[in-house]
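Here are the chains, one letter per residue:
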Amino acid sequence: MQGNLKIHHVGIKVKDLDKSMAIYERLGYRAVSDKITDTIQCNRIVFMESGDESQVLELIEPVGKDSSIYGFPDGYHHICFEADDPDFAERFRELKIGRIFTKPVIVPAIGNRKALFGCLNNGTFAEFLL
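Positions within a chain are numbered from 1, following the residues in the order the chain's sequence is written. This being a predicted model, a pLDDT of at least 70 is required before a residue's local features are given, and a value of 80 or more before pairs of side-chain atoms are given or counted; all residues contribute to the totals for chains, interfaces and linings. Only heavy atoms go into the side-chain values, all of them from the structure, while hydrogens and water stay out.

**Things to note about the pairing of strand β10 (residues 125-129)**
Then comes step 1: Exposure categories follow from relative accessible area, calculated using a 1.4 Å probe and restricted to protein chains: below 20% of the type maximum is buried, above 50% is exposed, and the middle band is partly exposed. Helix and strand definitions follow DSSP, with helices as H or I runs of at least four residues and strands as E runs of at least two, each counted in order from the N terminus. The buried fraction of β10 is high, at five of five residues.
Then comes step 2: Burial along β10 is two-sided: the face carrying F125, E127 and L129 and the face carrying A126 and F128 are both buried.
Then comes step 3: Strand pairing is assigned whenever DSSP identifies at least 2 bridges connecting the two strands. Taken together, the four bridges between strand β6 (residues 75-82) and β10 define a ladder with parallel strand orientation. Across the sheet, residue C80 finds its bridge partner in β10, namely E127.
Then comes step 4: Taken together, the five bridges between strand β9 (residues 113-120) and β10 define a ladder with antiparallel strand orientation. By the bridge assignment, L116 is partnered in β10 with F128.
Then comes step 5: The turn linking β9 back onto β10 is made up of four residues, and G123 within it adopts a positive phi angle of 95 degrees.

**Describing the environment of T124**
Then comes step 1: Turning to its location among the elements, T124 is positioned in the loop between β9 and β10.
Then comes step 2: Along the sequence, T124 and M48 sit 76 residues apart, while their C-alpha atoms lie 21 Å from each other.
Then comes step 3: Once you skip the residues sitting within four places of it in the chain, T124 turns out to touch Y76, I79, G118 and C119.
Then comes step 4: Among the polar contacts listed, one links the side chain of T124 to the side chain of N122, at a separation of 2.8 Å. Whether two residues are in contact is decided by their heavy atoms: any pair within 4.5 Å suffices. Counting of polar contacts relies on pairs of N or O atoms within 3.5 Å, with two restrictions inside protein: one atom must be capable of donating a hydrogen and the other of accepting it, and residues adjacent in sequence are counted only when both atoms are side-chain atoms.

Taken by themselves, the reported measurements are silent on function.
Below you can see the structure in the form of structure tokens.
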């Protein structure tokens, strides 16, 4: 794989965005984005980071049964990596360490960048920003 993957954020599914923001604020995190409604994946999202910009959390609240995370338990949901390889999907398949199960989708909460979603062989759900 060309280059290294960098962690962009860790996604956490929550029931109530506002209440969860208050919890993470007490842990020293602060919102670094507006609350965003993603009409593609039917979720409300906010990004929060600690004093160290490398620690970014994405709090995700499902909006109804059409949500991409409806039915998932609350808590840790995924880790998001930034892929710096334009042929990332092909290279990932060659590694045989998991599978990608979506075509590129637009992610409004991250500047309309495209992302792939997949799962590593150890069960870790992952998002790969392209």
